[in-house]
Amino acid sequence: MIFLVALVLTACALTSRVDCATEGIVWCYHLPTCNDTKWATIAPKYCGGSRQSPININTTAAKEDVNLTEFTFTDFSSTTAQKTLENTGKTVKVTFASGVQISGGGLSEAYDSLQFHLHWGNGPSIPGSEHTVDGKRYPMEMHFVNLKSSYNGNLSQALGDSTGLAALGFFIEEMSGNATGEPASWKSLASYLTNITNKGQTLTLPSGISLDDLLVGVNRAKYYRYLGSLTTPACNEAVVWTVFKEPIKVSKDLINLFSNTVHVNDSSSPLITNVYRQIQPDQPVTTQAESSASTTCYSLGLMVLSLALWKNL
Ligand SMILES: *[C@@H]1O[C@H](CO)[C@@H](O)[C@H](O)[C@H]1NC(C)=O
Ligand SMILES: *[C@@H]1O[C@H](CO)[C@@H](O)[C@H](O)[C@H]1NC(C)=O
Ligand SMILES: *[C@@H]1O[C@H](CO)[C@@H](O)[C@H](O)[C@H]1NC(C)=O
Ligand SMILES: *[C@@H]1O[C@H](CO)[C@@H](O)[C@H](O)[C@H]1NC(C)=O
Ligand SMILES: *[C@@H]1O[C@H](CO)[C@@H](O)[C@H](O)[C@H]1NC(C)=O
Ligand SMILES: *[C@@H]1O[C@H](CO)[C@@H](O)[C@H](O)[C@H]1NC(C)=O
Ligand SMILES: *[C@@H]1O[C@H](CO)[C@@H](O)[C@H](O)[C@H]1NC(C)=O
C-alpha cells in the first residue's frame, strides 16, 4: 500500500460530500471494526473494485514484455534526499526532497518520487509483506510512491488517471547468519524509531544515507509489473505496480525493531503490527525479458550444433 493520508483527503475533494463523509474514513489494521475485512464496506467506491492490490504473483504465469526496460533513478544516490521520518499510526514514512524521480522501466513518462513507507508483520515469526510471490510472504515490504511528473504534484489529477501513480515494492528478507545491525543504512533508519514512538511524531533526518544505500544488493533490472491500486483506503485504482524480484537483506534484530517500537497512538496504545492488506484477486503480471536466458539457450544450441559437427568428422 500506499500510505498517503493526503490521498484520502484529495480523493474526497474529487467526489461528493456524501462520499467524503464515508471516505474521511476511520480505517485500521488492528481492530475488527475497521480492519481490512471492512474496507470494502467503509470505502466501497474503490476498495471493493476489480483491480485491487496487493496480489500474489504467480511467477510461472508472468509473461515477458520487451518494453520493461531498466529504470533511471534520479537522486537516489543523494545523501540529502530523505527529509523527514514520521509515525503515521499505520506505518513509518520517509518523505523526500524535490528532485527525486524515476523514469524508464516501461513507464509512459517520468514520475516524481514522494516518499517511501513500510509494511511489516509481527516479530520474527509473522511476516508482513503485502505482495506474495508463489505464496511466499516476506518479513517486510518497502513501498516507494511516485506521481506522474506532468501533474506537478497534484494528487487528485494522479488519482483520476489509471496510471497516475507508480509504486515500487521491495521485499525485505532476513539476512542469513547471526549478523546484527546490518546493513548500516538500515541500522541508521531503525535507530530513529525510538524518536517517533507515538502517532504524529516526526523527525528531520540527518543527511548521510541515500536511497541507493537502503536498496543495497538489489538488482533493479529484475521486476514484475501489473496495474493495481493503493493498498489502503480509499484503494484508488490508479497505480502502476513494480515489484522487484530480489529482496533487500536486513538483519533480524533490525526487522524486529519495527514491530517492537512504534505505537498506533501513544505509548498506552498497541504497537504497530501486521500492517498489510490481505491478498486480492489475481491480475495479469508481466516481467522484463530475460535476455540472459535467451543467450544461454543460444549458446547451448551452438554447443549441441558443434558437438554434432564434431561427431560427423
Ligand atoms: C478483522 O476483523 C474481522 C471481523 O471484522 C475478524 O474476524 C478478523 O480476525 C480481524 N483480523 C485481524 C487481523 O484482526
Ligand atoms: C500459476 O500459473 C500457472 C501457469 O498459468 C498455472 O498453471 C497455475 O495453476 C498457477 N498457480 C496458481 C497458484 O494460481
Ligand atoms: C511495447 O511497446 C510498443 C510501442 O509502444 C507497443 O506497440 C507494444 O504493444 C508493446 N508491447 C507489449 C508487449 O506491451
Ligand atoms: C489539481 O487538479 C485539479 C483538477 O485538475 C484542480 O481542480 C485543482 O485545483 C488542482 N490542485 C492544485 C493544488 O493545483
Ligand atoms: C550463529 O550463532 C550460533 C550460536 O551462537 C552458532 O552456533 C552458529 O554457528 C552461528 N552461525 C553463523 C552462521 O555464524
Ligand atoms: C532522537 O532522540 C534522542 C534521544 O532523545 C536525541 O538525542 C536525538 O537527537 C534524536 N535524534 C534526532 C535525529 O532528532
Ligand atoms: C491518542 O493519544 C492522545 C495523546 O495521548 C490522546 O489524547 C488520544 O485520546 C488518543 N486517541 C485514542 C483514540 O486513543
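Residues numbered from 1 in each chain as written. Chains lettered and ligands numbered in written order. Predicted model: local features only at pLDDT ≥ 70, side-chain atom pairs only at ≥ 80, totals over all residues. Heavy atoms only, no water.

Caption draft 1: Quick look at the state of the cysteines. Applying the stated rule across the entire model yields 2 disulfides. Disulfide partner of Cys28: Cys34, at an S-S distance of 2.2 Å. Across the S-S bond linking Cys28 and Cys34, the dihedral sits near 100°, which makes this disulfide right-handed. According to the relative accessible area criterion, Cys28 is buried, its value standing at 4%. The disulfide bridge from Cys47 ends at Cys235, spanning 2.0 Å between sulfur atoms. Taking the sign of the S-S torsion, about 80° here, the bridge from Cys47 to Cys235 comes out right-handed. Taken as a pair, Cys47 in helix α4 (residues 44-47) and Cys235 in the loop between β13 (223-228) and β14 (239-244) lie far apart in primary sequence, 188 residues in all. The two residues Cys47 and Cys235 agree in class, both being buried. If the cysteines joined by disulfides in the chain are listed in sequence order, their pairing comes out as 1-2, 3-4. (Disulfide = S-S within 2.5 Å. Buried < 20%, exposed > 50% of the residue type's maximum accessible area, 1.4 Å probe, protein only. Helix = DSSP H or I, 4+ residues; strand = E, 2+ residues; numbered from the N terminus.)

Caption draft 2: Structural detail: helix α8 (residues 252-261). Every buried residue of α8 is accounted for by Leu254, Ile255, Asn256, Phe258, Ser259 and Thr261. Here the buried face of α8 lies against β5 (92-96), β7 (111-120), β10 (140-148), β11 (165-174), α6 (184-191) and β15 (248-250). (Contact = heavy atoms within 4.5 Å.)

Caption draft 3: A look at the sheet that holds strand β8 (residues 132-133). Ordered by their spatial adjacency, 3 strands build an open sheet running β1-β8-β9, and the pairing between neighbours is mixed. Whereas interior strands pair on both sides, the edge strands pair on one side only; in this sheet they are β1 (56-57) and β9 (136-137). Direction of pairing for β1 relative to β8: parallel, over a ladder of 2 bridges. The residue bridging Ile57 from the neighbouring strand is Val133, located in β8. (Pairing = 2+ DSSP bridges.)

Caption draft 4: Examining the site of ligand 4 more closely. Near ligand 4 you find Asn154, Ser156 and Gln157, and these make up its full shell. Within the contact set of ligand 4, an oxygen atom lies 2.3 Å away from a side-chain nitrogen or oxygen of Asn154. Gln157 places a side-chain nitrogen or oxygen 3.2 Å from an oxygen atom of ligand 4. Considering ligand 4 on its own, with 360 Å² of exposed area, one finds that the protein chains cover 26% of that surface. (Near = heavy atom within 4 Å. Polar contact = N/O pair within 3.5 Å; in protein donor to acceptor, adjacent residues only side chain to side chain. Areas by Shrake-Rupley, 256 points an atom, 1.4 Å probe, with all protein chains shown as cover.)

Caption draft 5: Spatial organisation of the environment of Ser53. Along the polypeptide, Ser53 turns up in the loop between α4 and β1. Taking C-alpha positions, Ser53 is 9.7 Å from Asn236, a pair spaced 183 residues apart along the chain. Not counting residues within four places of it along the chain, the set of residues in contact with Ser53 comprises Tyr226, Gly228, Ser229, Leu230, Thr231, Trp241, Arg277 and Gln280. Among the polar contacts listed, one links the side chain of Ser53 to the side chain of Tyr226, at a separation of 2.8 Å.

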